[in-house]
Amino acid sequence: MRMRIVDAFTEHPFAGNPAGVVLLDAFPEDGRLQDVALEINHAETAFAHPLPEGGDADWALRWFTPAAEVDMCGHATLATAHVLHTTGVHAGPVRFATRSGVLVATPADDGSITLDFPTAPLTSVDVPAALAGALGAEPLACLDTGPHVGDLLIELADEKTVRALRPDHRALAACSRRGVIATARAEDPARGYDFVSRCFFPNVGIDEDPVTGSAHTALAPYWSGRLGRTALTGLQASPRSGRVRTELIGDRTLLTGRAVTVIEGELLV
């Protein structure tokens with residue numbers, strides 16, 4: 001079992017969001033996949049195997065955190081497409097069969113990859129009573145992001161507030177199914193991004209995710225509605241940091257970024 005570590009949504013190693021990528025001939029039992037994901041111990045590990053020609057998808061794809069399988073993961077999908085493209089295993093657009101339907105990743109000549117994901121449905125909800133205390137900031141708005149993303153999207157007062165967050169992760173776990181996306185408008189759009197975010201997912205074993213593709217399927221429609229543009233750039237202001245270009249097309253969200261392979265290895269047991 002050959003494994004790779006890929007930094008996604010970045011052009012530089014040791015930035016962006018690291019993901020494990022494991023290409024297989026077929027999926028072993030779920031317990032084996034979970035054990036490998038725990039050993040790799042990144043936010044997500046992607047497992048993929050090729051599908052027969054002539055179907056709706058080219059590869060089957062699953063994502064595991066160190067603690068659980070998840071319905072959707074953008075950065076590990078980007079990392080998998082990067083590995084398939086750079087190793088010559090698959091040329092051109094690749095269609096992945098996933099728990100969130102068929103997701104398409106298209107490489108560009110400049111080295112970037114664009115993911116075609118379903119846009120998260122946003123529904124305004126009441127702010128959970130414990131949320132402000134757990135997050136350490138008062139929400140301006142609170143939205144549910146639907147079944148596949150499973151987070152609360154919280155707008156805060158400004159970029160400085162988002163960057164300064166030091167949440168109580170144990171208390172935050174009781175506020176949503178997966179976690180919380182905290183966001184605010186960019187303080188200075190001249191810096192090359194339109195909004196900032198940070199993502200906390202204690203319910204799947206991730207206190208803070210460095211750069212979250214799936215969260216941007218909710219951030220894109222939210223900020224497009226607020227800013228009046230369908231094409232935006234988000235900065236995820238985690239310690240590793242990363243940028244995601246987004247574009248709304250109907251009920252789909254395009255997520256564009258780059259990736260860098262930093263480690264290759266082989267499982268010996």
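Residues numbered from 1 in each chain as written. Predicted model: local features only at pLDDT ≥ 70, side-chain atom pairs only at ≥ 80, totals over all residues. Heavy atoms only, no water.

(A) View of the pattern of salt bridges. This structure, assessed with the given rule, holds 16 salt bridges. Close ionic contact of Glu69 with Arg62 constitutes a salt bridge, the shortest N to O distance being 2.9 Å. Notably, a salt bridge pairs Asp151 with Arg178, separated by 2.7 Å at the nearest N-O pair. Here Asp151, found in strand 11 (residues 151-155), pairs with Arg178, found in the loop between helix 6 (169-172) and strand 12 (179-185); they are 27 residues apart in sequence, far enough to count as distant. The burial state of Asp151 is the same as that of Arg178; both residues are buried. (Salt bridge = Lys/Arg side-chain N within 4 Å of Asp/Glu carboxyl O. Helix = DSSP H or I, 4+ residues; strand = E, 2+ residues; numbered from the N terminus. Buried < 20%, exposed > 50% of the residue type's maximum accessible area, 1.4 Å probe, protein only.)

(B) Expanded view of the pairing of strand 8 (residues 113-118). For strand 7 (residues 101-107) and strand 8, the ladder comprises four bridges, and the chain directions are antiparallel. Note on strand 8: the bridge partner recorded for Pro107 is Ile113. Here strand 7 folds back onto strand 8 in antiparallel fashion, the turn holding five residues, of which Gly111 has a positive phi close to 95°. (Pairing = 2+ DSSP bridges.)

(C) Structural context of the nonpolar core. The biggest cluster of nonpolar side chains holds 47 residues, and the ones touching the most others in it are Trp63, Leu78, Val94, Phe96, Ala105, Leu115 and Leu219. Looking at this core element by element, the count peaks at six residues for helix 2 (residues 74-86). Leaving out residues up to four positions away in the same chain, Leu219 has contacts with Leu153, Ile181, Thr183, Phe195 and Ser197. (Core = buried A, V, L, I, M, F, W, Y, C linked by side-chain atoms within 4.5 Å. Contact = heavy atoms within 4.5 Å.)

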